[in-house]
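Residue-level structure breakdown
One-letter residues, chain by chain:
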Amino acid sequence: MSDSAVDPEEVHHVAGLARIALDDDDAERFAHQFQDILAAFETLDEVPEVEQDADLANVMRPDEERPCLDREDALRNAPEHEDGYFTGPRVS
Amino acid sequence: MEYNGYVTEERIEGAADGPLADKTVAVKDNISTADVRTTCGSAMLEDYVPPYDATVVERLKAAGATITGKTNMDEFGMGTTTETSAFGPTDNPAAPGHVPGGSSGGSAAVVAAGDADLALGSDTGGSVRCPAAFCGVVGIKPTYGLVSRYGLVAYANSLEQIGPIAPSVEAAAELLSVIAGPDERDATTRDATRAGSDYDYAAAADGDVSGMTIGIPTELRDGADEAVREVFRAAVEDLESQGAETVAVDLPSVEHAVEAYYVIAMSEASSNLARFDGVRYGASASETAGEVDGDWNEAFAAVREAGFGDEVKRRVLLGTYALSAGYHDKYYEKAQDARAWVQQDFDDALEEADVLASPTMPVPPFEQGESLEDPMTMYLADANTVPVNLANLPAISVPAGETDDGLPVGLQFVGPAFGEHAIVRAGSALA
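Just so you know, these numbers come straight off a predicted model, no measurement behind them.

Topic: the overall build of chain A
On a plain count of helices and strands, chain A comes out with three helices and two strands. Going from N to C terminus, chain A has its helices and strands arranged as α-α-α-β-β. Taken over C-alpha atoms, the radius of gyration comes to 23 Å for chain A, far larger than the 12 Å a tight globule of 92 residues would show. Taking the principal axes of its C-alpha atoms as reference, chain A extends roughly 55 × 50 × 20 Å. The buried share of chain A, taken over its 92 residues, is 20%.

Some points on the interface of chain B and chain A
Counting from both sides, the interface comprises 51 residues of chain B and, opposite them, 38 residues of chain A. At the level of elements, α7 (257–272), α8 (285–289), α9 (296–307), α10 (310–323), α11 (328–352) and α12 (375–380) of chain B are the ones that each hand at least two residues to the side of chain B that touches chain A. The dominant element in the side of chain B that touches chain A, judged by the number of residues it contributes, is α11(B), at nine residues. Classifying every residue of the side of chain B that touches chain A by side-chain character gives 27 nonpolar, eleven polar and 13 charged.

Here we look at the domain arrangement of chain B
All names here are of chain B. Considered domain by domain, chain B is made up of domain 1 (6–253 + 341–428) and domain 2 (254–338). Here the C-alpha centre of domain 2 lies 25 Å away from the C-alpha centre of domain 1. Taken together, the contact between domain 1 and domain 2 spans 35 residues of the former and 27 residues of the latter. Among the elements of the structure, α5 (218–222), α11, α12 and α13 (386–390) are those that each provide at least two residues to the side of domain 1 that touches domain 2.

Points about the confidence of the model for chain A
Scored by pLDDT, chain A comes out at a mean of 89, with 96% of its residues at no less than 70. Mean pLDDT across the secondary structure elements of chain A bottoms out at strand β1 (residues 81–82) of chain A, with 94, and peaks at helix α1 (residues 8–17) of chain A, with 96.

What about the nonpolar core?
All names here are of chain B. Val25 and Ile165 are the most contacted members of the largest nonpolar core, which totals 168 residues. In terms of domain composition, this core takes at least three residues from each of domain 1 (6–253 + 341–428) and domain 2 (254–338). With near-sequence residues (within four places) excluded, Val25 lies in contact with Leu20, Leu60, Ala65, Ile67, Thr68, Ala116, Asp117, Leu118, Ala119 and Leu120.

Side note on the sheet that holds strand β11 (residues 408–414) of chain B
Residue and element names in this part refer to chain B. Here eleven strands make up an open sheet; going across it, the order is β1-β3-β2-β4-β6-β5-β10-β11-β9-β7-β8 and the pairing mixed. The sheet terminates laterally at β1 (6–12) and β8 (245–249), the two strands that pair on one side only. Taking each pair of neighbouring strands and ignoring which way they run, the sheet shows an average axis angle of 25°. One ladder, built from five bridges, connects strand β2 (residues 24–28) with strand β3 (residues 66–71); its direction is parallel. Considered in β3, the bridge of Thr24 is made with Thr66. In this fold helix α6 (residues 226–241) packs onto β7 (213–217), β8, β9 (355–359), β10 (395–402) and β11, with an angle of close to 105° to the strand it touches most, β10. Sheet strands in contact with helix α14 (residues 420–428) are β5 (138–141), β7, β9, β10 and β11, and its direction is about 10° off that of β10.

Parameters and conventions
Residues numbered from 1 in each chain as written. Chains lettered and ligands numbered in written order. Predicted model: local features only at pLDDT ≥ 70, side-chain atom pairs only at ≥ 80, totals over all residues. Helix = DSSP H or I, 4+ residues; strand = E, 2+ residues; numbered from the N terminus. Rg over C-alpha atoms; globule rule 2.2 N^0.38 Å. Buried ≥ 20, exposed ≤ 12 C-beta atoms within 10 Å, placed from the backbone. Contact = placed C-beta atoms within 7 Å. Nonpolar A, V, L, I, M, F, W, Y, C, P; charged D, E, K, R; others polar. Domains from an automatic or database assignment. pLDDT = per-residue confidence, 0-100. Core = buried A, V, L, I, M, F, W, Y, C linked by C-beta atoms within 7 Å. Pairing = 2+ DSSP bridges. Axes fitted to C-alpha atoms, helices over the stretch in contact; angles between N-to-C directions.

Following this line, the structure appears as structure tokens:
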């Protein structure tokens, strides 16, 4: 399963894509746990190509103005907001 | 509460009249309740108070139900034991010292303990049926599209449904009738009457299985522990003695169902959980990280490191990996093939039988703490439940008896799409 092996460096790379900070211990531990899980995912190679004929239909409605969440309610759970806008984190 | 069934205990009164006027209903904490906090079992949403009700909550209130509170769960629904909750594990009232199953463990526990008459859970890969089985109560995972997901905090949209948990099949069926039906705010809902069904599910709880054909997928039976198989065998004999006919059926595709499920669920999760960045809701970036030395992405990453537990991080990372350049075709596309194959297999099997029966869980309830350190063992416990979500079908878990050690065992019936009546009828022959 060398094909699916991930090392801690790769875990750090994926964590960067996922916007999750990890310390080296976490990356090490996850890399170890991912061996088994990715080895299991590898077995999907044995699955034949299957025709996917999903029975789907678009659901449409007229594009009409309707009431929605008011601004105060939408901001209620924001850790910080200013002048009716969400405030992003302070960075240097 | 000593078994830790609720994250938040707060009564919400419903209408004076209605089919649930004398009933108390507990609601899983990933289902939005206006002005009552909804944590999803996560530190990320410890203080999140939704400004609106989920459609199912509106329907409970309109039906006269009194909501008792918000129940404990695996963080964002990611777990099979309710041990990944940021608010501590829930004990199993039916088997103290053991997990209640998950992810809707709190909902099943409060029903098993008699602290609520009924409860709502959500089922992405077994999260209603597993805790129902482990706590000795009834749980229904409806056909995909029967119940609105509006206001359900999304984990894996293409797989999940909200479903009822109750002490009896009839009571679960009555609760399903209240929450089912199309909703213009969830475009994936469908009207069951257009699929030849109706919404009076309790009418099917007549216990009459005489002449019913019950298919038994050998793959789902033979993978179970001997203690579970023994209880399952006795329940099947009981059904046969009531006039049901049983036939063996094959579902060769389910060998790959767990892998396919986890690739799809983790991929969807990695996208869904991107919204938790500490700006619109969630832990505050400034409080968590102070002034971050870097850019916004680093500030978000610090919030997400602090706000998410290990299992959520694992699934978001693996989902991100499965969708990343070079791996999408290898994992995600193959998982979609496997999903289509599972759907075909179930369609074929349900040509030969009215419903399919298997043990709900291949194992009895784990002891507390037993499985947390080994994620793959935990994922494999979902072997019998995830195929049903991949196939979009309805299923019910009913108590089938206990192992020699006194641990509850659940039996799962799977029906055709919008065939809720068939699984309610079969289930009512046992509970």
